[in-house]
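Observations on chain architecture
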Amino acid sequence: MVDSFGAASAGFYASKGLFSRFGSVHEAVKELEELSLEGLEQTIEEYVFSWKSGNPDTFGKDYYPSAGTLKDTAEYWIALITPALHYSMGGLRISPSAEILRKNGESGSSFSAIPGLFGAGEVTGGMHGANRLAGNSLLECVVMGRIAGERASSVSLKQLPPLVINQWTESRVRSMDSNNYHGYQTTYLELPSALHEVDAPAGQRFEIRSQKHPSIVVPNLAAGVHGVIALLIPKRYPGIYPGAKVDILLVEDSHSGASEATVNGPSVTIVASEDKAFDVLQMLRRSAENLRAVFFFLLEDAVVPDHSLLPDAQFSTIRVDSIAQLLAHLSNRGPDEEVIVTVNADTRRVLEGKIERENVFYVEYPEKKACGFG
């Protein structure tokens, strides 16, 4: 049996005091007070019977790699086995920044961070899925332990402003949503302190640059979240991955120099490309108090806008694949309804000669810095 187990392995465990080696059952009983000769002999007899018959033993074991014998000259290796807690799979839910999370409402499926409370190691759960592979505890105790320590120490920076206008701030990519918004991805960046909040409405512009790559201007998706800021970043922009170091810059006024469209009716139709829909919604948020319905026609590369910018309005969204399809949809809109077109310069030149209706406003925004990639 020792040969099947491995003589070297048996010798290693014996050197650690986990196995004891005896020349016979009588010698084992003499040395180990916990054993009785009758009990040990009966156990071995039952093992041999199950092995020869192929029937499971009392504990349900049905695999017997080694034969058993009661010969007094046989050598026995005996280990006393007791229950032990090796690893706890369950625990508290944490964010990628090691923040302890709580459920939003008793029946809700969303979670938010408890400000200033962090966790790592076996106090947390869910990181390994249904079962943990051997050796993977390093992920939660070393990797998440370091993240928890860093973010806990950042609480002392709460007295400093989270972001300063026109001043670059060091950050780190903490996580990224798997959703792909037509080439864009929601990316969560850490603020200097885990207790910081950026009170910027959705659609506020931020400039971001990854290491060794030119900066780009992107919109913010949500406000009032502790410790992180959510930006909508093109998936093809290089250097963005969990843990990557980046710099972020709060743009002073992303709408400065933009032409304003006046919306008087209760509904409006918007034709948008790229991420320009966010800028239009920011404009409507400031100027269209009576707006109750927004109809979006999104061109092929457009990003789905964040409806939280106009929480009192109903949204309808249609993605169009061609100018002909867009014109067909516009023909079905009411003749008096305002239409706001916010697209890139090339698309605008095409649409200006195709859209034939009253109340069409072309909104231009200052050119944003080129991505410099792809």
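Residues numbered from 1 in each chain as written. Predicted model: local features only at pLDDT ≥ 70, side-chain atom pairs only at ≥ 80, totals over all residues. Heavy atoms only, no water.

So, on to the overall build of the protein chain. Across its full length, the protein chain holds eight helices and 15 strands. Burial statistics for the protein chain: of 374 residues in total, 39% are counted as buried. In the protein chain, the proportion of contacts linking residues at least 24 apart, taken out of those at least 6 apart, comes to 63%. Surface accessibility of the protein chain: about 21,200 Å² in total, with carbon and sulfur atoms responsible for 51%. (Helix = DSSP H or I, 4+ residues; strand = E, 2+ residues; numbered from the N terminus. Buried < 20%, exposed > 50% of the residue type's maximum accessible area, 1.4 Å probe, protein only. Contact = heavy atoms within 4.5 Å. Areas by Shrake-Rupley, 256 points an atom, 1.4 Å probe, with all protein chains shown as cover.)

Looking now at the packing of aromatic side chains. In this structure the tally under the stated criterion is three aromatic pairs. An angle of 40° between the planes, with centres 5.6 Å apart, marks the rings of tyrosine 13 and phenylalanine 19 as tilted. By relative accessible area, tyrosine 13 is classed as partly exposed at 33%. An angle of 10° between the planes, with centres 6.1 Å apart, marks the rings of phenylalanine 296 and phenylalanine 315 as stacked. With a gap of 19 residues between them, phenylalanine 296 in strand β12 (residues 293-298) and phenylalanine 315 in strand β13 (residues 314-319) connect regions that are remote in the sequence. Judged by its relative accessible area of 1%, phenylalanine 296 is buried. Owing to a relative accessible area of 17%, phenylalanine 315 belongs among the buried residues under this scheme. Site record: aromatic cluster; members linked through ring pairs are Phe12, Tyr13 and Phe19. The positively charged end of arginine 93 is found above the aromatic ring belonging to phenylalanine 111, 3.9 Å away from the centroid. (Phe/Tyr/Trp six-rings, centres within 6.5 Å; stacked < 30°, edge-to-face > 60°. Lys NZ or Arg CZ within 6 Å of the ring centre and 35° of its normal.)

Quick look at the sheet that holds strand β8 (residues 216-219) now. What the six strands build is an open sheet, ordered β8-β7-β10-β5-β6-β9; its pairing is antiparallel. Lying at the two open borders of the sheet, with one neighbouring strand each, are β8 and β9 (228-234). Neighbour to neighbour, the strand axes of the sheet diverge by 45° on average, direction disregarded. (Pairing = 2+ DSSP bridges. Axes fitted to C-alpha atoms, helices over the stretch in contact; angles between N-to-C directions.)

This next bit is on helix α5 (residues 137-153). Here α5 is 17 residues long and its end C-alpha atoms lie 23 Å apart, about the 24 Å a rise of 1.5 Å per residue gives. For α5, the complete set of buried residues consists of Glu140, Met144, Ile147, Ala148 and Arg151. (Expected span 1.5 Å × (residues − 1).)

In terms of residue burial, strand β14 (residues 338-342) counts as a mostly covered element, since five of its five residues are buried. A two-sided burial pattern is seen for β14, the buried positions comprising Glu338, Ile340 and Thr342 on one face and Val339 and Val341 on the other. The sheet contact formed by strand β11 (residues 267-272) and β14 spans five bridges and is parallel. Note on β14: the bridge partner recorded for threonine 269 is valine 339. Looking at chain direction, β14 and strand β15 (residues 360-362) are connected through three bridges and run parallel.

Taking strand neighbours across the sheet as the criterion, the five strands line up as β13-β12-β11-β14-β15 in an open arrangement whose pairing is parallel. In this open sheet, the two strands that pair with only one neighbour each are β13 and β15. For this sheet, the mean inter-axis angle between neighbouring strands, taken without regard to orientation, is 20°. Relative to β13, β12 runs parallel, the two being bridged by six bridges. Residue pairing for β13: phenylalanine 296 is matched across the bridge by threonine 317.

The residue tyrosine 188 is located in strand β6 (residues 184-190) in this model. Sequence separation between tyrosine 188 and valine 228 is 40 residues, and the spatial gap between their C-alpha atoms is 6.1 Å. When near neighbours in sequence (up to four residues on either side) are disregarded, tyrosine 188 contacts Arg172, Val173, Arg174, Ser175, Asp177, Val228, Ile229 and Ala230. A distance of 3.5 Å separates a polar atom in the side chain of tyrosine 188 from a polar atom in the side chain of aspartate 177. (Polar contact = N/O pair within 3.5 Å; in protein donor to acceptor, adjacent residues only side chain to side chain.)

What follows concerns the pattern of salt bridges. All told, the structure shown has seven salt bridges when counted by the stated rule. As a salt-bridge pair, glutamate 352 and arginine 348 come within 2.7 Å of each other at their nearest N and O atoms. Note that glutamate 352 and arginine 348 are positioned in helix α8 (residues 345-352) at a spacing of four residues, about one turn of the helix. With a relative accessible area of 41%, glutamate 352 lands in the partly exposed category. Shared partners join several salt bridges into a network, and the residues in it are Arg151, Arg174 and Glu190. (Salt bridge = Lys/Arg side-chain N within 4 Å of Asp/Glu carboxyl O.)

Below, the discussion takes up the environment of leucine 299. Summarising the element assignment, leucine 299 is placed in the loop between β12 and β13. On the basis of relative accessibility, which here comes to 9%, the residue leucine 299 falls in the buried class. Along the primary structure leucine 299 and valine 320 are separated by 21 residues, whereas in three dimensions their C-alpha atoms are 5.3 Å apart. When near neighbours in sequence (up to four residues on either side) are disregarded, leucine 299 contacts Val271, Ala272, Ser273, Arg319, Val320, Leu326, Val343 and Thr347.

Time to look at the confidence of the model for the protein chain. Here the protein chain shows a mean pLDDT of 81. Residues at 70 or above account for 86%. Confidence over residues 368-374 falls short of pLDDT 50; this stretch has 17 contacts with residues more than four positions distant or in other chains. (pLDDT = per-residue confidence, 0-100.)

Of note, asparagine 166 is a non-glycine position whose phi angle comes to about 60°, a positive value. Relative to the helices and strands, asparagine 166 resides in the loop between α5 and β5 (169-176).

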